[in-house]
Amino acid sequence: MIILYHKSDFYIIRNISLPLSLAALIAPKERPPDPLTRTGKLFGGLVNDIKKRYPFYLSDIKDACNVQCVAAFIFIFFAVLSSTITFGGLLGNLRHDRYFDS
């Protein structure tokens, strides 16, 4: 026995005796709440976002420990560091090593 409750623009299925795959075809799934709506609580949207993403944090950390990811991080770190050192040296030559004088 399937009872469909109409709530706004989606349906909620109660007392399902059919296989779940058939029930999913009959009525659309409930949509998650809009992340841009105000919650009325201090940092409520941030808390809701963290609760939603929490199950994926462990897999994200495992993915970050991949060899290719670590190699890319080290490459980008040294690429940025080398340009910082270069432009710092050029600035030192132009300012005669007086960085804080006006």
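Everything that follows concerns the structure shown earlier in this document.
Computed from a predicted model, the values in this text were never measured in an experiment.

Reading the values: rules and limits
Residues numbered from 1 in each chain as written. Predicted model: local features only at pLDDT ≥ 70, side-chain atom pairs only at ≥ 80, totals over all residues. Heavy atoms only, no water. Helix = DSSP H or I, 4+ residues; strand = E, 2+ residues; numbered from the N terminus. 1 Å grid on protein atoms, 1.4 Å probe; cavity = no way out; pocket = protein on both sides within 12 Å on 5 of 7 lines; lining within 4 Å. Points joined across faces, edges and corners; volume = space filled by probe spheres on them. Nonpolar A, V, L, I, M, F, W, Y, C, P; charged D, E, K, R; others polar. Disulfide = S-S within 2.5 Å. Buried < 20%, exposed > 50% of the residue type's maximum accessible area, 1.4 Å probe, protein only.

Student: Go over unusual backbone geometry, please, and point to the residues and values.
Tutor: At Phe43, a position not held by glycine, the phi torsion is positive, near 55°. Within the element layout of this structure, Phe43 appears in the loop between helix 1 (20–26) and helix 2 (44–53).

Student: Could you give an account of the layout of surface pockets, with specific residues and numbers?
Tutor: Taken as a whole, the largest pocket spans an internal volume of roughly 280 Å³. Broken down by class, the residue content of the lining of the largest pocket amounts to three nonpolar, four polar and four charged.

Student: Describe the state of the cysteines, with residues and values.
Tutor: Counted under the stated rule, the structure contains zero disulfides. Not part of a disulfide, Cys65 finds its nearest cysteine sulfur in Cys69, a span of 8.3 Å. Assessed through its relative accessible area of 58%, Cys65 is described here as exposed.

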